[in-house]
Amino acid sequence: DAMVIQNPRYQVTQFGKPVTLSCSQTLNHNVMYWYQQKSSQAPKLLFHYYDKDFNNEADTPDNFQSRRPNTSFCFLDIRSPGLGDAAMYLCATSRDVGSPGETQYFGPGTRLLVL
Amino acid sequence: AQSVTQLDSQVPVFEEAPVELRCNYSSSVSVYLFWYVQYPNQGLQLLLKYLSGSTLVKGINGFEAEFNKSQTSFHLRKPSVHISDTAEYFCAVRETGGGNKLTFGTGTQLKVEL
């Protein structure tokens, strides 16, 4: 089945130690998104890639970076995680942007714990 | 900018009872509306969406939602819930003018009890 895969499902890191979260997709979609979801809060868009074009949300901290080496993979890098970065990180894909019926397909998420 | 309000953080309901999860939105432009469900330790799954046309939208798992433009609401309903419907439900909006950014509400935890 075509899907969005996130690894690992749980990630523990230390305060200030760089960490990378991984997302892959078999849907061959052009767009990949990263959301941050803190406990009891709404998912919040951090950034997205349209093909190789990176689109950062205005309020995304510089501590968060992303890479998309090819269509299938997208990575979220947190350069110096703080305690406030502990959250569920959701990856999503969509075929395109702007089409009325466009749907985003979500992966299962990676829960990040910062010690 | 748009915003989404889900007033009920938790909704307990008995199995086979009807349920309504409320969603209100605010936007200066036309929007598309979505409901997503998140089961424990899983990602978000699309339940249904309103793009245009009939204001009553039917989705998966027996859920439906009605778009009310005058009240800026998009409430989710199910006539008879099952234990397996226990999950977090998120309402989301996207502007019709372009882009693909979803703005989510804070979610409603539906707990179905025997």
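For the structure, see preceding data.
Parameters at a glance
- Residues numbered from 1 in each chain as written.
- Chains lettered and ligands numbered in written order.
- Predicted model: local features only at pLDDT ≥ 70, side-chain atom pairs only at ≥ 80, totals over all residues.
- Heavy atoms only, no water.
- Helix = DSSP H or I, 4+ residues; strand = E, 2+ residues; numbered from the N terminus.
- Rg over C-alpha atoms; globule rule 2.2 N^0.38 Å.
- Buried < 20%, exposed > 50% of the residue type's maximum accessible area, 1.4 Å probe, protein only.
- Contact = heavy atoms within 4.5 Å.
- Areas by Shrake-Rupley, 256 points an atom, 1.4 Å probe, with all protein chains shown as cover.
- Lys, Arg positive; Asp, Glu negative; His and termini not counted.
- Charge placed at Lys NZ, Arg CZ, Asp CG, Glu CD.
- Buried area = accessible area lost by both parts, 1.4 Å probe.
- Salt bridge = Lys/Arg side-chain N within 4 Å of Asp/Glu carboxyl O.
- Polar contact = N/O pair within 3.5 Å; in protein donor to acceptor, adjacent residues only side chain to side chain.
- Pairing = 2+ DSSP bridges.
- Axes fitted to C-alpha atoms, helices over the stretch in contact; angles between N-to-C directions.
- Core = buried A, V, L, I, M, F, W, Y, C linked by side-chain atoms within 4.5 Å.

Colleague: Provide a residue-level description of the overall build of chain B, including the pertinent values.
Modeller: The helix and strand inventory of chain B stands at zero helices and 12 strands. Tracing chain B from N to C terminus, the helices and strands come up as β-β-β-β-β-β-β-β-β-β-β-β. In terms of overall dimensions, chain B is globule-like: its C-alpha atoms have a radius of gyration of 14 Å, near the 13 Å expected for 114 residues. C-alpha extents for chain B along the principal axes are approximately 45 × 30 × 20 Å. Within the span of chain B, comprising 114 residues, buried residues form 46% of the whole. When contacts within chain B are restricted to residue pairs at least 6 apart in sequence, those whose partners lie at least 24 apart make up 57%. Within the structure as shown, chain B displays about 5400 Å² of accessible surface, and the carbon and sulfur contribution to it stands at 50%. Within chain B, one finds 9 positive and 10 negative side-chain charges whose respective centroids are separated by 9 Å.

Colleague: Give me the lowdown on the interface of chain B and chain A, citing residues and values where you can.
Modeller: Listed as interface residues are 20 residues of chain B and, on the opposing side, 25 residues of chain A. Carbon and sulfur atoms make up 51% of the area that chain B and chain A hide from each other, which totals about 1700 Å². In this structure, the connection of chain B to chain A is made through one salt bridge. One can count four residue pairs in polar contact (both at pLDDT 80 or more) joining chain B with chain A.

Colleague: Can you explain the sheet that holds strand E7 (residues 64-67) of chain A? Please cite residues and give values.
Modeller: Residues and elements named next belong to chain A. Reading across the sheet, the four strands line up as E1-E3-E8-E7 and stay open at both edges, with antiparallel pairing between neighbours. Among the strands making up the open sheet, the edge pair consists of strand E1 (4-7) and E7. For this sheet, the mean inter-axis angle between neighbouring strands, taken without regard to orientation, is 20°. Pairing analysis gives four bridges linking E1 to strand E3 (residues 19-25), with the strands arranged antiparallel. What sits directly across from Gln6, in E3, is Cys23.

Colleague: Before we move on, could you go through unusual backbone geometry and cite the residues and values that matter?
Modeller: All names here are of chain A. Following Asn7, the chain continues to Pro8 via a peptide bond in cis, the omega torsion being -10°. Note that Pro8 resides in the loop between E1 and strand E2 (10-13). Notably, Asn28 is not glycine yet its phi reads approximately 60°, a positive angle. For Asn28, the location among the structural elements is in the loop between E3 and strand E4 (31-37). By relative accessible area, Asn28 is classed as exposed at 60%.

Colleague: So what's going on with the nonpolar core? Residues and values would help.
Modeller: Among the nonpolar cores identified, the biggest contains 28 residues, and B:Trp35, B:Leu48, B:Leu76 and B:Tyr89 are the most heavily contacted of them. Mapped by element, the contributors of at least two residues to this core are strand E2 (10-14), strand E3 (19-21), strand E5 (31-38), strand E6 (44-50), strand E8 (64-68), strand E9 (73-78), strand E10 (87-95) and strand E12 (108-113) of chain B. For B:Leu76, the residues in contact, after removing those within four places along its chain, are B:Val19, B:Glu20, B:Leu21, B:Trp35, B:Leu47, B:Leu48, B:Phe63, B:Glu64, B:Ala65 and B:Tyr89. Core analysis: the next-biggest nonpolar cluster, separate from the first, contains 18 residues, A:Met32, A:Phe64, A:Cys91 and A:Val114 among them.

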